[in-house]
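# Fold and geometry: a report
Listed below, chain by chain, are the residues.
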Amino acid sequence: MQYIDLHVHSNCSDGTCTPEELVDLATDSRLVAFALTDHDTVDGVERAVAAAKDKNIQVIPSVELSCEYRISPEKKKEIHILGYHIDYHQKDLLDALKEIAQERDNRNQKMCRNLSGAGYPIDYPSLTERFGSTILTRAHFARFLLEKGAVPSISSAFKKILAEDGPYFVARKYLTAKEGIELIQKAGGVPVLAHPMLYKLSVTELHNLLTELKGYGLKGIEAMYSRNRGTDEAFVRKLAHDFDLIITGGTDFHGANKPDLEIGKGEGNLRVPVMLLENLR
């Protein structure tokens, strides 16, 4: 059996491996293909594709878009839409990603000021010097604070300092789910809902979400996922059947930022069969 990984991040977003290193890791893990799904950027795709040319592995040009979904007029949720087989040179996509990067940059500066004002050893110039021109996320804040000895672990940084309901968090403007799916479609890609069980929605809320997203053109759902527990995969597969969606699977590999996840294997027992590539075609 041959295996793939359809959810992988590089240091162009919040992973710690370069696109070239990911190609080497995936090859060493005997994967036949992986999708580079960086958050709100395609900066690493061309590098990964180039690095894979002389190796026996396929890189699927992809992206993971952060979107806002309104559960009700009073309640909203951040969801992620994966876009597979995208044209990563498509102008509308690149223009939108540039605007997202600027919005995120403004948010990050405000969060740095909040944290610095509370006594944490962080400032925006130092943060950008440490991580370069990558798309900065809260994972970078957490790693920076860990390296400075301000927190005992990345997970504790998220729980105690960087939580959305915490005093230092700054919300950012998101694409709507409709806008995200339409961007992926314009770029010739296949839109798929990432890790549905992580959103902690009720069954009714999940059904409402999928009904809405299907209306916008959603084609798939990520059923095989590293953080699934118990009957999660079976439940998502049932959702896929009920809503006539293809299934995908991936580890959500981030390198050292999620050290318990291995590319192609997740926590050790995830194996995504190559036949799922046919779904994306």
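Thresholds, definitions, all that
- Residues numbered from 1 in each chain as written.
- Predicted model: local features only at pLDDT ≥ 70, side-chain atom pairs only at ≥ 80, totals over all residues.
- Heavy atoms only, no water.
- Salt bridge = Lys/Arg side-chain N within 4 Å of Asp/Glu carboxyl O.
- Helix = DSSP H or I, 4+ residues; strand = E, 2+ residues; numbered from the N terminus.
- Buried < 20%, exposed > 50% of the residue type's maximum accessible area, 1.4 Å probe, protein only.
- Lys, Arg positive; Asp, Glu negative; His and termini not counted.
- Contact = heavy atoms within 4.5 Å.
- Phe/Tyr/Trp six-rings, centres within 6.5 Å; stacked < 30°, edge-to-face > 60°.
- Core = buried A, V, L, I, M, F, W, Y, C linked by side-chain atoms within 4.5 Å.
- Axes fitted to C-alpha atoms, helices over the stretch in contact; angles between N-to-C directions.
- Parallel < 35°, antiparallel > 145°, perpendicular 65-115°, else oblique.
- Nonpolar A, V, L, I, M, F, W, Y, C, P; charged D, E, K, R; others polar.
- Polar contact = N/O pair within 3.5 Å; in protein donor to acceptor, adjacent residues only side chain to side chain.
- Pairing = 2+ DSSP bridges.

## Comments concerning the pattern of salt bridges
Taken as a whole and assessed by the stated rule, the structure comprises 20 salt bridges. As a salt-bridge pair, glutamate 164 and arginine 138 come within 3.7 Å of each other at their nearest N and O atoms. Placement of glutamate 164 in the loop between helix H6 (154-160) and strand S5 (175-176) and of arginine 138 in helix H5 (residues 138-147) is noted, with a sequence separation of 26 residues between them. With relative accessibility at 19%, the residue arginine 138 sits in the buried group. Overlapping salt bridges bring together Arg227, Arg229, Asp260 and Glu267 as one network.

## A closer look at the side chain of arginine 107
If you trace the backbone, arginine 107 turns up in helix H3 (residues 91-117). One buried charged residue, arginine 107, remains without a salt bridge, the closest side chain of opposite sign being glutamate 78 at 7.2 Å. Residues contacting arginine 107, with those up to four places away along its chain left out, are Phe169, Val170, Ala171 and Arg172.

## What about the packing of aromatic side chains?
Counting across every chain of the model gives 1 aromatic pair. Arranged with centres 5.7 Å apart and planes meeting at 75 degrees, the rings of tyrosine 120 and tyrosine 168 form a pair that is edge-to-face. Separated by 48 residues along the polypeptide, tyrosine 120 in the loop between H3 and helix H4 (124-131) and tyrosine 168 in the loop between H6 and S5 bring together distant segments of the chain. Accessibility expressed as a relative area gives 22% for tyrosine 120, which makes it partly exposed. According to the relative accessible area criterion, tyrosine 168 is buried, its value standing at 18%.

## Describing the nonpolar core
Counting 66 residues, the largest nonpolar core has Phe34, Ile79, Tyr84, Leu193, Leu213 and Ile221 as the members making the most contacts within it. Core analysis: the next-biggest nonpolar cluster, separate from the first, contains 20 residues, Cys112, Ile122, Tyr124 and Tyr168 among them.

## Examining the packing of H4 against H5
Two numbers describe how H4 lies on H5: the axes approach to 11 Å, and their chain directions differ by 95 degrees. With respect to H5, the element H4 is oriented roughly perpendicular. Residues Ser126, Leu127, Arg130 and Phe131 of H4 lie in contact with H5, whose contacting residues are His140, Phe141, Arg143, Phe144 and Glu147. Among the residues forming the contact of H4 with H5, the class breakdown is 4 nonpolar, 2 polar and 3 charged.

## A word on the side chain of aspartate 14
With respect to the secondary-structure elements, aspartate 14 resides in the loop between strand S1 (3-8) and helix H1 (19-28). It turns out aspartate 14 is buried and unbridged, and the closest side chain with the opposite charge, lysine 258, is 6.4 Å from it. Within polar-contact distance, the side chain of aspartate 14 engages the side chain of serine 13 at 3.3 Å. Once residues within four sequence positions are removed from consideration, aspartate 14 is found in contact with His9, His39, Thr137, Ala139, His140, His254 and Asn257.

## Topic: the pairing of strand S8 (residues 246-250)
Most of S8 sits out of view: 4 of its 5 residues are buried. One ladder, built from 5 bridges, connects strand S7 (residues 220-225) with S8; its direction is parallel. Of the residues in S8, the one forming a bridge with tyrosine 225 is glycine 250.

## Points about the environment of isoleucine 100
Structurally, isoleucine 100 can be placed in helix H3. Spatially, the C-alpha atoms of isoleucine 100 and threonine 41 are 8.9 Å apart, while their sequence positions differ by 59 residues. Those residues in contact with isoleucine 100 that sit more than four places away from it in its chain are Asp40, Arg172 and Leu175.

By themselves, these are just geometric observations and shouldn't be taken as functional.
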